[in-house]
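Observations on the three-dimensional arrangement
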Amino acid sequence: MGGESTTRTAPGTARTGPAAATGRTGQRLSGLAVALGMVLFLGGFVWAAVVYRPYTVPTDSMTPTIGTGDRVLAQRVDGTDVRRGDVVVFRDSTWADAPMVKRVVAVGGDTVSCCEHGKLQVNGKEIDEPYLPAGTSAQSAGFPTVTVPEGRLFLLGDERRTSLDSTAHLTDAAGGSVARSAVEARVDAVVWPMDGMLKRPTGFTELGPLSSPGPLRAVTWTVIAGVVLILGGAAYGPLAKRAASRARTGSAGAR
């Protein structure tokens, strides 16, 4: 015999080397990605539940912005944070014993009237309202100048012909206005059908700053990132294990 020896890895023995290390690393990364994805996914839903409330709008008083039966997400806000142009959910016992959705067109201290040149006037300025139904004026029937009491809001529906809003309560003691404390939330988006975020009411910019959008986009991207990490991590683990197995098989016959 020439004294030559042949070495071969026996079946079932532990594997070591670069291929095995790669497989273990892949499994760890896969688990980490899935865990992080679960945190983002569940965290996004918890974040949304804390910040937002869902509502279904039963009437057409806010069309075309919000249609009958549409489902909206409204950010929980304090009434003191509400500004002109916001679409809000509020509850006032003199209006109805149920949440109502209207647009804030004037706040405490403002004067509001309609309709010279077919447009709403706030503090003597004509307001451009592109959210109204096409071809309609700001109000089907005008109303005299109203001064909104401090701490209160004047609200109108975007469908002015049918909306039971502040104009229907002008003879009330508060001149049709609603207390800021009556506001429960500010509508951020229509989620069914998927109309998305409400457009900013730029016609009110000359009267003061507008409200900033809520964190709905950030919440959505957090959930999406979680889903991507969960699916990617779940797929990466088996792929890395298979690649490591192939690498071991290719080197198993080395002498």
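Structure first, text after, so check above.
Just so it is clear, the model here is predicted, and its values are computed rather than measured. (Residues numbered from 1 in each chain as written. Predicted model: local features only at pLDDT ≥ 70, side-chain atom pairs only at ≥ 80, totals over all residues. Heavy atoms only, no water.)

**Digging into the nonpolar core**
Our working rule: Working definition of a nonpolar core: buried Ala, Val, Leu, Ile, Met, Phe, Trp, Tyr and Cys residues. They are joined through side-chain atoms within 4.5 Å. Think of it in three bands: residues with accessible area under 20% of the maximum for their type are buried, residues over 50% are exposed, and the middle band is partly exposed, with areas taken using a 1.4 Å probe on protein chains only. By definition, any uninterrupted DSSP run of H or I lasting at least four residues is a helix, any uninterrupted run of E lasting at least two residues is a strand, and each is numbered from the N terminus. Contacts between residues were defined by any pair of non-hydrogen atoms, one from each residue, lying within 4.5 Å.
One finds V105, V112, L120 and F154 to be the most contacted residues of the largest nonpolar core, which totals 18 residues. Counting residues per element, the ones that place at least two in this core are β4 (100–107), β5 (111–116), β6 (119–122), β8 (143–147) and β9 (152–156). In contact with F154, other than residues within four places in its own chain, are R103, V104, V105, A106, V112, F143, V146, V148, S166, L170 and G175.

**With respect to the pairing of β4**
Operational definition: Two strands pair if DSSP finds at least two bridges between them.
Counting buried positions over the eight residues of β4 gives eight, a clear majority of the element. Two elements, strand β3 (residues 87–90) and β4, share four bridges in a ladder whose sense is antiparallel. Bridge pairing in β4 places V88 opposite K102. The sheet contact formed by β4 and β9 spans four bridges and is antiparallel. Opposite A106, over in β9, you have F154 as the bridge partner.

**Remarks on the pattern of salt bridges**
How we decide: The salt bridge criterion pairs a side-chain nitrogen of Lys or Arg with a carboxyl oxygen of Asp or Glu, the two atoms within 4 Å.
Using the criterion set out here, one finds seven salt bridges in the structure. When the shortest N-O distance is used, the salt bridge between E184 and R53 registers 3.7 Å. With E184 in strand β11 (residues 183–192) and R53 in strand β1 (residues 52–56), this residue pair connects regions lying 131 residues apart in the sequence. Between R84 and D110 there is a salt bridge, with its nearest N and O atoms 2.8 Å apart. Taken as a pair, R84 in the loop between β2 (71–76) and β3 and D110 in the loop between β4 and β5 lie far apart in primary sequence, 26 residues in all. On the basis of relative accessible area, R84 is assigned to the buried category, the value being 15%. Connected through salt bridges with shared partners, the residues R53, R91 and E184 form a single ionic network.

**As for the packing of aromatic side chains**
Inclusion rule: Any Phe, Tyr or Trp ring, taking Trp's six-membered ring, that has another such ring centre within 6.5 Å forms a pair; planes under 30 degrees apart are called stacked, those over 60 apart edge-to-face, and the others tilted. Think of it as a cone above the ring: NZ of Lys or CZ of Arg counts as a charge over the ring if it is within 6 Å of the ring centre and within 35 degrees of the ring normal.
In this structure the tally under the stated criterion is three aromatic pairs. Ring geometry for F90 against W95: centres 5.3 Å apart, planes inclined by 85°, an arrangement best described as edge-to-face. Taken individually, F90 and W95 each receive the classification buried, so the pair is uniform in this respect. In this structure, R103 packs its charged tip against the face of Y131, placed 3.6 Å from the ring centre.

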